[in-house]
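Below are the chains, spelled out letter by letter.
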Amino acid sequence: MNRFYFDHNATTPLRPEVLQTLAPALAEVYGNASSIHYYGQIAKQRLEMARRQLAGLLKCDPREVVFVSGGTEADNLAIFGIARQNESARRHAITTSIEHPAVLSAFAQLEREGVDVTYARVGSDGIVDPNEIRRAIRPDTVLISVMHANNEIGTMQPIEEIAAIAKDAGVAFHSDGVQAAGKIPIDAKALGVDLYSISGHKIYAPKGIGALYVRNGITVSKLLHGGRHERDRRPGTENVPGAMALGCAAELSERDAVSENRRIAALRDRLEQGIVDRAPAVGINGARDSRVPNTTNLHFDGIEGEAMVISLDLKGFAVSSGSACSSGAVEPSHVLLAMGLSRELARSSLRFSLGRDNTEAQVDALIEAVAESAAHLRKISPTYTARA
Ligand code: PLP
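Computed from a predicted model, the values in this text were never measured in an experiment.

What counts, and where the lines are drawn
- Residues numbered from 1 in each chain as written.
- Predicted model: local features only at pLDDT ≥ 70, side-chain atom pairs only at ≥ 80, totals over all residues.
- Heavy atoms only, no water.
- Salt bridge = Lys/Arg side-chain N within 4 Å of Asp/Glu carboxyl O.
- Helix = DSSP H or I, 4+ residues; strand = E, 2+ residues; numbered from the N terminus.
- Buried < 20%, exposed > 50% of the residue type's maximum accessible area, 1.4 Å probe, protein only.
- Near = heavy atom within 4 Å.
- Polar contact = N/O pair within 3.5 Å; in protein donor to acceptor, adjacent residues only side chain to side chain.
- Areas by Shrake-Rupley, 256 points an atom, 1.4 Å probe, with all protein chains shown as cover.
- Nonpolar A, V, L, I, M, F, W, Y, C, P; charged D, E, K, R; others polar.
- Contact = heavy atoms within 4.5 Å.
- 1 Å grid on protein atoms, 1.4 Å probe; cavity = no way out; pocket = protein on both sides within 12 Å on 5 of 7 lines; lining within 4 Å.
- Points joined across faces, edges and corners; volume = space filled by probe spheres on them.
- Domains from an automatic or database assignment.
- Buried area = accessible area lost by both parts, 1.4 Å probe.
- Core = buried A, V, L, I, M, F, W, Y, C linked by side-chain atoms within 4.5 Å.

Colleague: Would you mind going over the pattern of salt bridges with me for this structure?
Modeller: Between side chains of opposite charge, pairing is possible as soon as their charged atoms come close. Counted according to the given criterion, the structure contains 31 salt bridges. The residue E113 makes a salt bridge to R84 at a minimum N-O spacing of 2.8 Å. A residue pair is termed long-range when its members are at least 10 positions apart, and E113 in the loop between α4 (101–112) and β4 (116–120) and R84 in the loop between α3 (71–83) and β3 (92–96) qualify at 29 residues. A relative accessible area of 28% means that E113 is categorised as partly exposed. Across the pair D140 and R138 runs a salt bridge whose closest N-O atoms are separated by 2.8 Å. Note on D140: relative accessible area 23%, which makes it partly exposed. Here R138 falls in the partly exposed class, since its relative accessible area comes to 31%.

Colleague: Sorry, what's going on with the site of the ligand here?
Modeller: In the vicinity of the ligand there are 14 residues, among which T72, D176, Q179, S199 and K202 approach most closely. In this structure, an oxygen atom belonging to the ligand sits 2.8 Å away from a main-chain N or O atom of G71. In this structure, an oxygen atom belonging to the ligand sits 2.8 Å away from a side-chain N or O atom of Q179. Computed on the free molecule, the ligand has an accessible area of 390 Å², of which 90% lies beneath the protein chains in the complex. Looking at which element gives the most residues to the shell around the ligand, the answer is α3, with three residues. Classifying every residue of the shell around the ligand by side-chain character gives three nonpolar, eight polar and three charged.

Colleague: Help me understand the side chain of R51, please; the structure alone is not making it clear to me.
Modeller: Examined against the element boundaries, R51 turns out to sit in helix α2 (residues 38–58). When residues no more than four places from it in sequence are discounted, the contact partners of R51 are P62, V65, V66, F67 and E230.

Colleague: Explanation requested: the layout of surface pockets in the structure shown.
Modeller: The rolling of a water-molecule-sized probe over the atoms marks out the regions of remaining empty space. Taken as a whole, the largest pocket spans an internal volume of roughly 310 Å³. Contributions of two or more residues to the lining of the largest pocket are made by α6 (159–169) and α7 (188–191). No other element matches the three residues that α6 contributes to the lining of the largest pocket. Here the second largest pocket defines a volume of roughly 260 Å³.

Colleague: Looking at this structure, how should I read the domain arrangement of the protein?
Modeller: Accessible area lost when the parts come together is the quantity often used to give the size of an interface. Under the domain assignment used here, the protein contains domain 1 (4–12 + 257–379) and domain 2 (16–252). Computed from C-alpha atoms alone, the centre-to-centre distance between domain 1 and domain 2 is 27 Å. Contacts between domain 1 and domain 2 engage 29 residues on the former and 30 residues on the latter. The contact between domain 1 and domain 2 buries some 2400 Å² in all, and 54% of this surface belongs to carbon and sulfur atoms. It is T12, V292 and M339 in domain 1 that bury the most area against domain 2; as a group they hold 22% of the surface buried on that side. Here domain 1 is connected to domain 2 by 19 residue pairs in polar contact (both at pLDDT 80 or more). Secondary-structure elements contributing two or more residues to the side of domain 1 that touches domain 2 are α9 (240–278), β10 (295–300) and α11 (334–338). For the side of domain 1 that touches domain 2, the leading source of residues is α11, giving four residues. Residues that form the side of domain 1 that touches domain 2 fall into these classes: 10 nonpolar, 16 polar and three charged.

Colleague: Can you help me understand the environment of L336 in this one?
Modeller: Its place among the elements puts L336 in helix α11. Sequence-wise, L336 and E152 are 184 residues apart; in three dimensions their C-alpha atoms are separated by 8.6 Å. Not counting the four nearest positions on each side in its chain, L336 is found in contact with I153, N285, N297, L341, A346 and S349.

Colleague: Explain the nonpolar core to me, please; I cannot follow it from the model alone.
Modeller: Soluble globular proteins: nonpolar side chains tend toward being buried together. Residues F67, I144, F173 and Y196 are the most contacted members of the largest nonpolar core, which totals 64 residues. The biggest single contributor to this core is α9, with nine residues. Ignoring sequence-local partners within four residues, the contact set of Y196 consists of L58, H148, H174, S175, G177, A180, A181, I186, L191, A211, L212 and Y213.

Right, here's the structure in full:
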């Protein structure tokens, strides 16, 4: 059976060019970048080249790039790195109700540490109103964190506007850019963010590497304690091959993102329209006009999302219900609930996230498979009544 992957927001395969960078690097670039001998110097050079490549993607100064282990660590370093600096004085922070668990759990921990947290609501379109953020700011607010693109529904938040509000109020602003990088052009300076998270495995680099953009002038407290690596912001011997792979993926994405994402957006639209045309009682979750090009999230009245995932998997298609990180949990997606969907509709939702390897033929086959699975599952659904 042919298998086709439509779950690129969960993770992406390595790009062949990235593998060609990574495989020899694992064997050859084994020096410790802090060593002063030849091996160390080679590792250091490669690490700094990777930093420049990443700075190219983010349009920033290479000194503003801190290599970390992935998106979760980047988010945690940003959030605790800012909040813990102000432990005794100011005690309030703002985020949204649709963040990834890497952000939401960090804020829950901040609450346990005595910080007041405001969770800004989103509209039924999955977008936060910047005025909600403005209204939530207090004299003791130290941090605002709003994701750039949502992992489940793909909606993009008005980051520039929120950054301007944060700047006016003198509050540090972090954005989780894990699902935006590689899908839309990023310009850290133009966005106005102080901190911005990136994850390697979402942009065709391996798991276990990521980066945090820290604007020059912003200081973050360290999460870990050890050596003075990464300009004393992230201790631990650097993962140089991982950084090289991330640098390579960043450069490639910077080079062909515009044309590739146009192609992917057309495929996504074809998939979405095809499903809506072929299967009755399907609705699109979230704004259609402000989202990353590769994602669509649909609800299917009367069907359990998990049953649909399994049915499609048996036909060779990998898709996701809720976010991958929370799959296995019975709870419906917190993002869809925050947008006002009922628990039933939230539970009936599926995420399709496309990528570089998807073709028109695969999309057409997926439309057929979804229509078939939906019809079959509805026949045995106790809750679905076909509309006349
Ligand atoms: N933030 C978002 C929006 C994500 O989608 C993810 C992963 O799904 C993460 C953070 C966590 O990234 P990582 O898996 O690299 O830790």
